[in-house]
Each structure stands twice: as C-alpha cells, then as structure tokens.
Amino acid sequence: MMRVYLTSLARASAVRIGKSTRFAPEVGPGPVLGILRRPPTWAASLISGHVLGLMPKHKELDAVQGGELTFDGYCSVLRRRWARSLASGLYAPGALRVAVTSTQHLAQHHPDGAFWDGQWWEGRDPVVDGSTLCCACKDAPACHRSVAAEVLASAGWEVILDGEPVAFRGHSDHNGSAGDATGGSGRE
Ligand SMILES: [Zn+2]
C-alpha cells in the first residue's frame, strides 16, 4: 500500500533541515509537496511541487478568510468538488499527480506576486510513495488537509495525518456524514 503524509510546512521544514526529530513521524521519506494555494516564499526550497487536485481555489480561500464562509462550509465545498475527482479515480495511488510552477510563470512574475491558478503550472508526474503533502496551517482540524486526508484514504492511500493514521472509510458511507473520522470532529 502506498503511504502519504499530510502535515504543516513548519513541521516538514523542521524535520527536513534536521532541526527537530520531534515531528519525524509526521514527515515521510519522499518529496515534500504543497497543497496550499498561497505558499510562503520561505518554503520555496522545501516544496518540490504542488498537488493541484488538493488545493483550494483563491475564491474559496477568500470566502473563508473573509468570513463569508464558515470553516465547515469551506470543507463541504471542497468535499463536494473533490468527490467528482475521487469517483473518477484521479486521487488513486499512481494516478494522483504533482505539478510545478511553469517557466512562463517564473519569466513573468516575481514569485511573491504569483497567481497560483490556471496556466501557471506544468508537469504531471505521479505522487510517489512516502511523499509529504503540506499546508501552512499549524493544526489539521483547522486546515483543509483534514479533508484531503479523508479523500486520499478513500482513494486507497495509507494516510498519516499529523503523525496519526487515518482510517480507510470506503465508498459506502452508510451514515452519510462527511464530518466524522478525521474531518471536522474538532470543529462541530
Ligand atoms: Zn491549511
């Protein structure tokens, strides 16, 4: 079974630069990848690519950060959108893809001024076993990576979220709840 880790950029950085072993169970041996829409520039050398299929859109981030959307509402929006890709098999081990910033983007923008949607991405390599997917948020219950973890577990990955295994939840979700398991338990 292929394993994927989800955690914060700060923890991945602490482990990767050898400053801390405290977060070692939270970070895999493979590449560190971003699933955040607005990566901080300090993380540029840490992140070797982005998993576009698990990134929120700018307008979704604006809505939740501006208070027009609650965090639970934001998670629901992501779950609904990602359910289609999940059903199409796009999140399965071997199918999930990683992208890098395009040379066109780098030629036209300062990295700080990047628009991280649309055409500014290229490359479609598979996410490999042992990769760590990161967001900037400190804790998973307040971060969309908790939703990403659910989706990846459903897609057949062995998932480690902030150091804890995420239970596989299958496709026959008989209680119909999208907020149990690792998802929104701390927020509801
Ligand atoms: Zn986050």
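Everything below is about the structure shown above.
Residues numbered from 1 in each chain as written. Predicted model: local features only at pLDDT ≥ 70, side-chain atom pairs only at ≥ 80, totals over all residues.

Novice: Describe unusual backbone geometry, listing the residues and the values that go with them.
Specialist: In this model, Asp162 sits at a positive phi of 50°, which is unusual for a non-glycine residue. Here Asp162 lies in the loop between β6 (158-161) and β7 (164-166). For Asp162, a count of 22 C-beta atoms within 10 Å corresponds to the buried category. (Helix = DSSP H or I, 4+ residues; strand = E, 2+ residues; numbered from the N terminus. Buried ≥ 20, exposed ≤ 12 C-beta atoms within 10 Å, placed from the backbone.)

Novice: Quick one: what's the story with the nonpolar core, residue by residue and with numbers?
Specialist: Of all hydrophobic cores here, the largest spans 39 residues; its most connected members are Leu33, Ile35, Val51, Leu133, Ala148, Leu152 and Val159. Contributions of two or more residues to this core are made by β1 (3-8), α1 (9-16), β2 (32-34), α3 (71-87), β5 (131-135), α5 (145-154) and β6. Tallying contributions element by element places α5 first for this core, with six residues. Look past the residues within four positions of Val51 in its chain and what remains in contact with it is Leu33, Ile35, Leu96, Val98, Val127 and Leu133. (Core = buried A, V, L, I, M, F, W, Y, C linked by C-beta atoms within 7 Å. Contact = placed C-beta atoms within 7 Å.)

Novice: If you had to explain α5 to someone new, which residues and values would you point to?
Specialist: Among the ten residues of α5, ten are classified as buried, and the element is accordingly described as predominantly covered. Arg145, Ser146, Val147, Ala148, Ala149, Glu150, Val151, Leu152, Ala153 and Ser154 are the residues of α5 that are buried. Structurally, α5 contributes buried residues whose contacts are with β1, α3, β5, β6 and β7. A positive backbone phi angle near 110° is found at Gly156, which sits one or two residues after α5.

Novice: So, the sheet that holds β7: which residues are in play, and what are the values?
Specialist: By definition, the strands of a sheet pair up through backbone hydrogen bonds, in either a parallel or an antiparallel sense. Read across the open sheet, the five strands follow the order β2-β5-β1-β6-β7; overall the sheet is mixed. Every interior strand has two partners, whereas the edge strands, β2 and β7, have only one. The sheet shows a mean angle of 30° between the axes of neighbouring strands, direction not considered. Looking at chain direction, β2 and β5 are connected through three bridges and run parallel. Among the inter-strand pairings, Val32 is bridged to a residue of β5, identified as Thr132. Contacts between α5 and the sheet are confined to β1, β5, β6 and β7, with β6 contributing the most and set at about 165° to the helix. (Pairing = 2+ DSSP bridges. Axes fitted to C-alpha atoms, helices over the stretch in contact; angles between N-to-C directions.)

Novice: Give a detailed account of the environment of Val51, specifying residues and quantitative values.
Specialist: By the element assignment, Val51 lies in the loop between β2 and α2 (58-65). A residue is classified by how many C-beta atoms lie within 10 Å of it, and Val51, with 21 of them, is buried. Each C-alpha atom, one on Val51 and one on Pro126, is 9.6 Å from the other, the two residues being 75 residues apart in sequence.

Novice: Could you give an account of the pairing of β1, with specific residues and numbers?
Specialist: With five of six residues buried, β1 lies mostly within the body of the structure. For β1 and β6, the ladder comprises four bridges, and the chain directions are parallel. Across the sheet, residue Tyr5 finds its bridge partner in β6, namely Ile160. Where β1 and β5 come together, five bridges link them in parallel fashion. Across the sheet, residue Leu6 finds its bridge partner in β5, namely Leu133.

Novice: Tell me what's going on with the packing of α3 against α5, and back it up with residues and numbers.
Specialist: Running from N to C, α3 and α5 point in directions that differ by 25°, and their axes come no closer than 10 Å. By the criterion of interaxial angle, the relationship of α3 to α5 is roughly parallel. The way α3 lies across α5 gives a crossing that is right-handed. Here α3 contributes Cys75, Leu78, Arg79, Trp82 and Leu86 to the contact with α5, which in turn contributes Val147, Val151 and Ser154. Classifying every residue of the contact of α3 with α5 gives six nonpolar, one polar and one charged. (Parallel < 35°, antiparallel > 145°, perpendicular 65-115°, else oblique. Left-handed = near helix turned anticlockwise from the far one by under 90°. Nonpolar A, V, L, I, M, F, W, Y, C, P; charged D, E, K, R; others polar.)

Novice: Hey, could you go over α1 for me, with residue numbers and the actual values?
Specialist: At 3.6 residues per turn, the α-helix brings residues three or four places apart onto the same side. Looking only at α1, the buried set comprises Leu9, Arg11, Ala12, Ser13 and Val15. For α1, the elements touching its buried residues are β1, β2 and β5. Gly18, located one to two residues past α1, shows a positive phi value of around 75°.

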